[in-house]
Each structure stands twice: as C-alpha cells, then as structure tokens.
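Take a look at the letters that make up each chain.
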Amino acid sequence: MKFFLPDSQDLVDPSFDFERERRSTTRQRQHDDLYAHEVFSTPTIDGLLVSKGIVDGFGATGSRYTQSQRLRLLRHGAPRFFRLERAPNALKLMGDCGAFTYVHEEEPPYSVDEVLEFYENCRFDHGVSLDHVILEFNPGADIPGGKNIIDASIRARQKLTLERAKEFLRKHKAGRYSFEPLGVAQGWSPKSYASAVKSLQKMGYDYIAIGGMVPLKSREILMCLEEIQTVRNPATRLHLLGVTRTEHLREFARLGVASFDSTSPLRQAFKDDRDNYYTNGLKYTALRIPQIEGNSLLQRKILSGQIPQERARKMERACLEAMKLFEAGKHTVRQVVEVLLEYERLCDREQKKDHAGAYEKTLTDAPWRNCPCDVCKELKYHVIIFRGAERNRRRGFHNIWTFYQQLRNLGLEATNTRQETERPTHQWRSRANG
Ligand SMILES: [Zn+2]
C-alpha cells in the first residue's frame, strides 16, 4: 500500500539555529528549505499528492505558492520542482483538483481540458479526474425508500463528477497523455459509493479514487469499502483521498486500497491536543513553551495588562533552560514539569486542560532519545518542544517517518506492483546541530 503526502509547501529551514532561534539572513524559501523527503536518509513517503486548487489558490483559500513558484512548477515540472532526485527512494506524483478548495461553488471552476493540461505540464505519474466533493454522509439513504432524504443538489454533484470522469478518460485517450488516469467516486452512503465505482469501472477505469472521506469516521469508511467490495473488479485498485484515520490499514488493504494520502501524521504534531509525537507503540504530548515574540494571542494579553511582560519573558527562558538541563541530566522530571506548568498558568489563566500527567509521561520516557530518525538524531530534545514552525514541522516530519515505518512493517507491499530502486542518500544538516 502506497502512502502519498499531500503537498502544502511544508518545508523546514536547515539554517535555523535552535539555540539562538535565528535563521540565516540569506535564506531563500523553497530554494534553501527542505521537504520531508529531503530531510531523511531512508524512505518516508511513497509519493506526493499535488492539488491544482492549492497551487492556483482558489477563492478565499489563497495559494501556498508564490507566483514565481507556480511558474517554476509548470515550466520545469513537478519532479524537478520537488527535487525528487534527492529522496532516498523513487517517489510517485499524483495530481488532483483539490475539490475542497471549491466545495462552496456550484460547479468546479476548472474545465477537464485545463486539468489535463495541468497534470501533463507538471509531469505527474497519476492524475485524478475532475470532481465535486460531497460532504453529506447518511447511510439512511440506503434503506428502501430512503433515497429522497438526499437533496437533489447532492445527487447532482455525483452525476457531475461521473460525467467529468467520462470526459476526462475520453480526452486522456484522444490526447495520448502520459500519466495514469484515476476516476473519482463521490457518494453520500455505502451504496451510492458502490454505484459510482461500478459506473467508473464500466467507463474503463481500473484505478479509482474515493473522495469525500475526510470528515468520515473509520467505521464509516469501512462500511463504504465493504459495499464497494461487492461490485469491485479484482483488478480495480482504490485510492483513499484524505484519510485522517489510519488505524485500519490492514482492512483497507483487504478491501482493495492500493494507496491513500493523509496529512494526519504531520498535522497532529501541532494541531492535536495530546497526540503530537508518534512512536512505534504510543503517542506523546509535546511540551508547550509558547514564543512570546510572534505570538499574537500572547502579545494581546501583554498589551492589555493581563500578563506582565517581564515575568512572561523570564518564564519562557526558564522553560527552555529547564529542558536543556533535563537533557544534560541536571534536572528531574518533576523540576521541569513544575516550570512548564507555571509558565502555562501565566499564559492562560482560565485554562481547563491540565498537562501535568502527559508531560510527566513524555519526560519520563524521553522517546526522542530512542528514535533512529534523522530529525531526532539532529534535533534531540528540541523535537518534543511545541514551539514555532521549525520545531513543530520537524516533529511532523518525524511522525511521517515513524508512520511510514509502521506501514511498511505491516507487510502490505503485496499491492505494490514493482520494486522501487534505491537512490543515493542526501545528507541533511542543520547549522545548530550539525
Ligand atoms: Zn524521530
């Protein structure tokens, strides 16, 4: 089973100095910064998912790309733009439309021709047909007589998605495009997903992406896959678009899932309340040491007099120092937790969350000391500190790497059709730690 990481221009700055918290003044974003696949000397993903909606920046979403980055991507193609030659394994590139960026529109803002051109210009290996995401999920619609509980506008989205898939495949053949086409199945219930898959197979697709999975619970995803299984041709491979729950990989594989994409391992590092740092068995809570500089919420509280500025600065420094002493064996778990919680109470007086138990567990186990990944080896205890994009994103990269090892350990490679060739490793160094 292949794991694709959706691209959202998440890079880290190798010049970042973790002790002084400064970066090189000559650093050029994207040019000097590193993607997850450039940071590790061993494989961490199978490929990247690049969305047209993210590259173009549709509507209020805005683009994660600057104008010049967008032009470079289209001029040089994605393999060169993402510097795939620096990854330790051969990576695949999948393109999709990024239907979430235009979910509120009546119709997708792109034509099938524009999408085909985009995929071909970017030199993707796989391209997903133009779709319109359905966010409604109601299994009740599968009960006899239940079809009418689904609004006509929702059903129209599925119809539109299937019509575009048909046009996409026809034009793909006529234009002799080099990437492999995937049809998208959208639905609102297990049976409606199965019906979409059936239609796509009839058109000639044997690689089908299942859309609209992002808000679904694992149980609901499995319900849909079980129903799809009743109509799926043995040769049809499935791709799950945007899975946030990844604890059922074995069952996914049994039900024909050949690939999926997920940002969960990355996002959990700094979006989740507790599960910020992955290990082979447990997930740990990262230690919050908020930055006073550049933190608008803290700045507002300081300006309004809620937080005394000098005391906050002193506590922030004390927390960083306590972590340094802990790593050197000169501070106990209890001493560090005390300082961290004192700073936390100062920053947020009304807070109801108590991190004491979680912090004690993190510090007692000190999981970064046992992690063989390149990030933890370089960063040491800084990886567990919840603070600023450079630390948080590197912890996300560590999670991606750990997740990928777990995926490989499940032994689900049977669905991989060919052996990937090893590439020379790229050594990653950061100034502060190398
Ligand atoms: Zn690690």
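Residues numbered from 1 in each chain as written. Predicted model: local features only at pLDDT ≥ 70, side-chain atom pairs only at ≥ 80, totals over all residues. Heavy atoms only, no water.

As annotated in an unreviewed UniProt entry, the chain carries the name tRNA-guanine family transglycosylase and is attributed to Archangium gephyra.

**Concerning unusual backbone geometry**
Threshold: Runs of H or I in DSSP of at least four residues are treated as helices and runs of E of at least two as strands, each being numbered from the N terminus.
The backbone phi angle of R83 is positive, close to 50°, even though this residue is not glycine. Positionally, R83 belongs in the loop between helix 4 (78-81) and strand 3 (92-96). Unusually for a residue other than glycine, R123 sits at a positive phi of about 60°.

**Observations concerning empty space enclosed by the protein**
Over the atoms, a rolling probe the size of a water molecule traces out where space has been left empty. Applicable threshold: A cavity here means a set of 1 Å grid points, computed over protein atoms only, where a 1.4 Å probe fits but cannot escape. A pocket is an open set with protein on both sides within 12 Å along at least 5 of 7 lines, and lining residues have an atom within 4 Å of a point. Grid points are joined across faces, edges and corners, and a volume is the space filled by probe spheres set on the points. By the convention adopted, Pro, Cys, Tyr, Trp, Phe, Met, Ile, Leu, Val and Ala count as nonpolar, Lys, Arg, Asp and Glu as charged, and the other residues, Gly among them, as polar.
A full pass over the atoms with the stated rule returns 2 cavities of 30 Å³ or more. The calculated volume of the largest cavity comes to roughly 70 Å³. Forming the walls of the largest cavity are L5, P6, D7, S8, D10, Y35, A36, H37, L48 and F397. A per-class count over the lining of the largest cavity returns 6 nonpolar, 2 polar and 2 charged.

**Thoughts on the coordination of the zinc ion**
In plain terms, the rule: Coordinating donors are taken as N, O and S atoms within 2.8 Å of the metal, stretched to 3.2 Å for Na, K and Ca; because water is absent from the atoms, sites can appear incomplete. In short, tetrahedral needs four donors with all angles between 85 and 135 degrees, square planar needs four and octahedral six donors with opposite donors over 155 degrees apart and all other angles between 65 and 115, and whatever is left is irregular. In this scheme, a residue with accessible area under 20% of its type's maximum is buried, one over 50% is exposed, and one in between is partly exposed, where area comes from a 1.4 Å probe on protein chains only.
Each protein donor to the zinc ion is listed here as C371 (SG), C373 (SG), C376 (SG) and H398 (ND1); together their distances run 2.1 to 2.3 Å. Around the zinc ion sit 4 donor atoms, and with donor-metal-donor angles ranging over 103 to 115° the site reads as tetrahedral. Read from N- to C-terminus, the donor residues coordinating the zinc ion fall into the pattern C-x1-C-x2-C-x21-H. Take C373: its relative accessible area is 0%, and that puts it in the buried class. Residue classification places C376 among the buried residues on the basis of a relative accessible area of 3%.

**Digging into the nonpolar core**
Selection criterion: Take the buried Ala, Val, Leu, Ile, Met, Phe, Trp, Tyr and Cys residues and link them wherever side-chain atoms come within 4.5 Å; each set so joined is a nonpolar core.
If you look at the biggest cluster of nonpolar residues, it comprises 125 residues, and the most contacted ones within it are F82, I210, L240, F252 and W368. Core analysis: the second largest hydrophobic core is formed by 5 residues, I134, A141, I150 and W188 among them.

**As for helix 6 (residues 152-174)**
Defined as follows: Multiplying 1.5 Å by the helix residue count minus one yields the expected span of that helix. In what follows, a contact means two residues having at least one pair of non-hydrogen atoms within 4.5 Å.
With 23 residues, helix 6 extends 33 Å from end C-alpha to end C-alpha; this agrees with the ideal 33 Å at 1.5 Å per step. Restricting attention to buried positions, one finds in helix 6 the residues I154, R157, Q158, L160, T161, L162, R164, A165, F168, L169 and H172. Contact partners of the buried residues in helix 6: helix 5 (112-122), strand 4 (126-128), strand 5 (180-185) and helix 7 (190-203). Just downstream of helix 6 lies R176, where phi reads positive at about 50°.

**A word on the UniProt feature "domain: tRNA-guanine(15) transglycosylase-like" (unreviewed entry) in the chain**
Condition: UniProt positions are given in the numbering used here, feature names are shortened, and annotations may be inferred rather than shown by experiment.
UniProt's feature table lists "domain: tRNA-guanine(15) transglycosylase-like" (unreviewed entry) at residues 154-269, given in the numbering used throughout. Helix makes up 51% of residues 154-269 and strand 16%, with an end-to-end C-alpha separation of 34 Å.

**Structural notes on the pattern of salt bridges**
The criterion, for reference: Should a side-chain nitrogen of Lys or Arg be within 4 Å of a carboxyl oxygen of Asp or Glu, the pair is scored as a salt bridge.
If you walk through the whole model with that rule in mind, you get 29 salt bridges. Among the salt bridges present, the one from R408 reaches D46, with a minimum N-O distance of 3.2 Å. With R408 in helix 16 (residues 388-409) and D46 in the loop between helix 1 (36-39) and strand 2 (47-51), the pair connects residues that are 362 residues apart, well separated along the chain. For the pair shown, R408 and D46 are each scored as buried. Here R369 makes a salt bridge to E327, at a shortest N to O gap of 3.0 Å. Of this pair, R369 sits in the loop between helix 14 (356-365) and helix 15 (374-379) while E327 sits in helix 12 (residues 309-327), and the two are 42 residues apart along the sequence. Classification of E327 as partly exposed rests on a relative accessible area of 22%. Salt bridges sharing common partners tie together D13, R23, R27, D33, E390 and R394.

**A short note on the environment of Q186**
The following threshold applies: Whenever two N or O atoms come within 3.5 Å, that pair is a polar contact, provided that in protein one can donate a hydrogen and the other can accept it, and provided that, for residues adjacent in sequence, both atoms are side-chain atoms.
With respect to the helices and strands, Q186 occurs in the loop between strand 5 and helix 7. Distance in space between the C-alpha atoms of Q186 and I210 is 6.5 Å, their sequence separation being 24 residues. Excluding anything up to four places from it in sequence, Q186 contacts D131, H132, V133, I134, Q158, T161, S192, Y193, A196, G211 and G212. Of the polar contacts made by the side chain of Q186, one reaches the backbone nitrogen of I134; its length is 3.3 Å.

**Let's talk about a nonpolar patch on the surface**
We apply this condition: Here, patches come from residues exposed beyond 30% relative accessible area and free of salt bridges, joined within 9 Å for like charges and within 5 Å for nonpolar side chains (Val, Leu, Ile, Met, Phe, Trp, Tyr). Methods summary: accessible areas were calculated by the Shrake-Rupley approach with a probe of 1.4 Å, and residue burial reflects only the protein chains presented.
There is a patch of nonpolar side chains on the surface, built from F100, L135 and V214 and spanning about 240 Å² of accessible area. Summarising the element assignment, L135 is placed in the loop between strand 4 and helix 6. For L135, a relative accessible area of 44% puts it in the partly exposed group.

**A closer look at the packing of aromatic side chains**
For clarity, the cut-off: To pair, rings of Phe, Tyr and Trp, with the six-membered ring standing in for Trp, must have centres within 6.5 Å; the planes then decide the type, stacked if under 30 degrees apart, edge-to-face if over 60, and tilted in the middle. A ring has a charge above it when a Lys NZ or an Arg CZ is no more than 6 Å from the ring centre and no more than 35 degrees off the ring normal.
For the structure shown, the criterion picks out 16 aromatic pairs. With centroids separated by 4.9 Å and ring planes inclined at 80°, the aromatic side chains of F16 and F18 adopt a geometry described as edge-to-face. Both residues of the pair, F16 and F18, belong to the buried class. Ring centres of Y119 and F168 lie 6.1 Å apart, and the angle between their planes is 80°; this geometry places the pair in the edge-to-face category. Placement of the pair is Y119 in helix 5 and F168 in helix 6, with a sequence separation of 49 residues. Relative accessible area serves as the criterion here: at 0%, F168 is assigned to the buried category. Here a set of aromatic residues connected by ring pairs shows up, and it is made of F118, Y119, F124, F168, Y177 and F179. Directly above the ring of Y110 sits K52, whose terminal nitrogen or CZ lies 4.7 Å from the centroid.

**What about the pairing of strand 6 (residues 207-210)?**
Selection rule: Only when DSSP finds a minimum of two bridges between them are two strands counted as paired. Think of it like this: strands point away, you trace from the first strand over the helix to the second, and a clockwise trace means the crossover is right-handed.
With burial as the criterion, each face of strand 6 is covered, one bearing Y207 and A209 and the other bearing I208 and I210. Relative to strand 6, strand 5 runs parallel, the two sharing 3 bridges. Looking at strand 6, one finds that G183 is bridged to I208. Running through helix 7, the crossover from strand 5 to the neighbouring parallel element strand 6 is right-handed. Where strand 6 lies against strand 7 (residues 237-240), 4 bridges are found, and the strand directions are parallel. Paired with I210 across the strands is L240, a residue of strand 7. Viewed along the sheet, the connection from strand 6 through helix 8 (residues 218-229) into strand 7 turns out right-handed.

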